[in-house]
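# A closer look at the structure
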Amino acid sequence: MSKKTFYITTPIYYPSGNAHIGHAYSTVAADVIARFKRLVGFDVVFLTGMDEHGQKIELTAKDKKVTPQELVDNISSKFEKLWKILNISNDQFIRTTSNFHKKAVKKIFTLLKSKQKIYKGFYKGWYCTPCEAFWTETQLDENYKCPDCKRDVKLTKDEAYFFKLSEYSDKILQLYEKNKNFIKPASRLNEMINFVENGLEDLCISRTSFSWGIKVPNDEKHVIYVWLDALTNYITALGYMSDNNRKFESYWPADLHIVGKEIVRFHAVIWPAILMALDLPLPKKIFGHGWWLTKDSSKMSKSKGDVIDPAYLCKKYSVDAVRYFLLRQVPFGTDGTFSFEAFFKRLNSDLANDLGNLVFRLISMIERYFQGKLPEQKEAEEKDKILIHSLVSAHKKVAYNIERLSFSLALKEIFKLVTACNKYIDDTAPWKLLENKNKNIRLATILYNLCESLRIISLLLYPFMPDTSCKIRKQLTIDKTINWEDAKRFGLFKASIPITKQEVIFPRIYLEKEKL
RNA sequence: CGCGGAGUGGAGCAGUUUGGUAGCUCAUCGGGCUCAUAACCCGAAGGUCGUAGGUUCGAAUCCUACCUCCGCAACCA
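Read on for a plain summary of the structure. For clarity, every value in this text was computed on a predicted model and none was experimentally measured. (Residues numbered from 1 in each chain as written. Chains lettered and ligands numbered in written order. Predicted model: local features only at pLDDT ≥ 70, side-chain atom pairs only at ≥ 80, totals over all residues. Heavy atoms only, no water.)

### Describing the nonpolar core
Across soluble globular proteins, nonpolar side chains have a tendency to be buried as a group. Core analysis: the largest hydrophobic core is formed by 111 residues, its most contacted members being I8, L86, F343, F464 and L476. The biggest single contributor to this core is helix α14 (residues 340-370), with 16 residues. Counting residues in each nonpolar core, the second largest holds 57 residues, with F109, L175, Y176 and A268 among its members. (Core = buried A, V, L, I, M, F, W, Y, C linked by side-chain atoms within 4.5 Å. Buried < 20%, exposed > 50% of the residue type's maximum accessible area, 1.4 Å probe, protein only. Helix = DSSP H or I, 4+ residues; strand = E, 2+ residues; numbered from the N terminus.)

### Quick look at the packing of aromatic side chains
Throughout the structure, instances matching the rule amount to 34 aromatic pairs. An aromatic cluster is built from Y25, F287, W292, Y317, F325, F332, F338, F340, F343, F344, F407 and F464, whose rings are joined through pairwise contacts. The ring centre of F195 lies 4.9 Å from the NZ or CZ of R265, which sits over that ring. The residue whose ring lies beneath K378 is Y448, and the NZ or CZ to ring-centre distance is 4.1 Å. (Phe/Tyr/Trp six-rings, centres within 6.5 Å; stacked < 30°, edge-to-face > 60°. Lys NZ or Arg CZ within 6 Å of the ring centre and 35° of its normal.)

### Let's talk about the pairing of strand β12 (residues 286-289)
With burial as the criterion, each face of β12 is covered, one bearing I286 and G288 and the other bearing F287 and H289. Alignment of strand β7 (residues 183-184) against β12, held across 2 bridges, turns out to be parallel. Across the sheet, the residue bridging to K184 is F287, located in β12. Sheet topology places strand β11 (residues 256-260) next to β12; 4 bridges connect them, and they run parallel. Its bridge partner being in β12, G260 is matched across the sheet by H289. Considered for its hand, the β-α-β crossover made up of β11, helix α10 (residues 264-277) and β12 is right-handed. (Pairing = 2+ DSSP bridges. Right-handed = clockwise from strand over helix to strand, strands pointing away.)

### Section: the protein's contact with RNA strand B
Taken together, the neighbourhood of RNA strand B is formed by 46 residues, with Y14, Y225, W227, R265 and N357 sitting nearest. Counting only the atoms of RNA strand B that lie within 4 Å of the protein, the sugar and phosphate share comes to 67%. A distance of 3.5 Å separates a sugar or linking oxygen of RNA strand B from a polar atom in the side chain of E191. Contact between RNA strand B and D202: a base nitrogen at 3.0 Å from a main-chain N or O atom of the residue. Counting residues per element, the ones that place at least two in the surface near RNA strand B are α6 (186-197), β8 (203-204), α10, α14 and α16 (407-428). In terms of residues, the surface near RNA strand B owes the most to one element, α14, which gives 14 residues. Residue composition of the surface near RNA strand B, by class: 20 nonpolar, 12 polar and 14 charged. (Near = heavy atom within 4 Å. Polar contact = N/O pair within 3.5 Å; in protein donor to acceptor, adjacent residues only side chain to side chain. Nonpolar A, V, L, I, M, F, W, Y, C, P; charged D, E, K, R; others polar.)

### Observations concerning the packing of helix α13 (residues 319-329) against α16
Pairs of packed helices are described in terms of their axes, by the angle between the two and the distance that separates them. Interhelical geometry of α13 versus α16 gives an angle of 110° and a closest axis separation of 7 Å. Classified by the angle their axes make, α13 and α16 are roughly perpendicular. Between α13, through Y324, L327 and R328, and α16, the contact on the second element is made entirely by F407, S408, L411, K412 and F415. In terms of residue class, the contact of α13 with α16 is built from 5 nonpolar, 1 polar and 2 charged. (Axes fitted to C-alpha atoms, helices over the stretch in contact; angles between N-to-C directions. Parallel < 35°, antiparallel > 145°, perpendicular 65-115°, else oblique. Contact = heavy atoms within 4.5 Å.)

Keep in mind these numbers describe shape, not what the thing actually does.
Right under this line is the structure:
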């Protein structure tokens, strides 16, 4: 029985500073897809990692008086810790400073060179001596000065290796034409078409101005510059160009590269060209998500420390609050504004008031009315049907929206169910039935239906909020096995297993108590 | 004329492809309920849909002009 495979990646992040909310965003989104795909039976590889070479690292390390390796070891370990905190279920964590990656990249370079896709030429750039940095003409400011220090720059010509990107314009346009879903959302596709139609230039893929990188084989004063080093992580991680490429054979091509909108171009233009040059299949989809902006950045920076540090948010307000907010607040393709006001609002109204309170009031009634043990008998009524119908049909909409990366809509669907449950309680008014002894079974049925609802909700919620999902199941003594199929059927909840009240899942946040 | 996106009640957004009572969430106000985390449920108020023209019986939705904001315009991960 060979399961269908699914390979999903995040970008590899650049450890020149600490992880911020944008990193968390890409990674959490990828995690949701990975968890979902596993849940529906795919054999998933979920890759994330770090892009650890380059001049900026070299300079930062020098500044901090550590070696580049020490610098990246330190920062990368922080990223890894953050992924643990955020409950990221990645199968691999690649670092471009790993030996296996460096070896593979060298082989890729050599192969491309032998195929005559790489040649040696001259890189023209404007060099700023004090900054030790090269700039392209378009990067210079309006007076042709260094954009960093505003001082004079001088035109220099350096020997460098180039990749024949210019050969691929037509092929890439054909790719876009053939696969309309290659770049999502569609607005990004238009940008790329426009960009490629203007013609592609060959790509400079080596540098001599710094040394922190993979050496060019047989020409060691050159180091391989970002593209060939970073983008190829998606295949070297699977063992491409290694002694054991079994994983590569079974998982490549990637099903989905999740990237920030700022690097769509590299993934949608350069990466396919490199793969074409290597005669490898192309990834199926690139999704470029939006950015988190801060509306009132002055206020943010005034507060002590880096307040939008995702680890801090998780620690203070729970992982799932963060995961939920990021994916619920704005559509995945568009930019959003991060504000604590919005964060607290979401937390309070959706998570604490609607979901958390629902679990709490339900368990409270089960304890109070049945000493924590529901009888098995049932007495259904017409109004149950509406609730049940919306429950068993929800999985389709949720799955559909996750597949399209419309996380926000998927969550909306799930929370419609939560609202339906709260309404159902109000409509059936269990506390009134209590007065009438004959209504005991009906009362139990209502509570059963609610437990069952929460079983299904916990299942649908699992890819987004694994922690919360498990908490709900634990509180209602539902067994731990998470299986998407079980979201399609009503009636699997086992009555008569004792339930006792536990912690509140999402405590309410009181704005006035929060010091921002 | 480089390409593209956006401008809708206090806030954030959907609706524009296939014109026909302007919808959602939050906030506000009123009511209900008491199982619950001052939570839950119901109802109300609030918008001439960037501006000005045009097409049409009828336009947020189509056309024209203009204004404002934003993204892309390659070696920045």
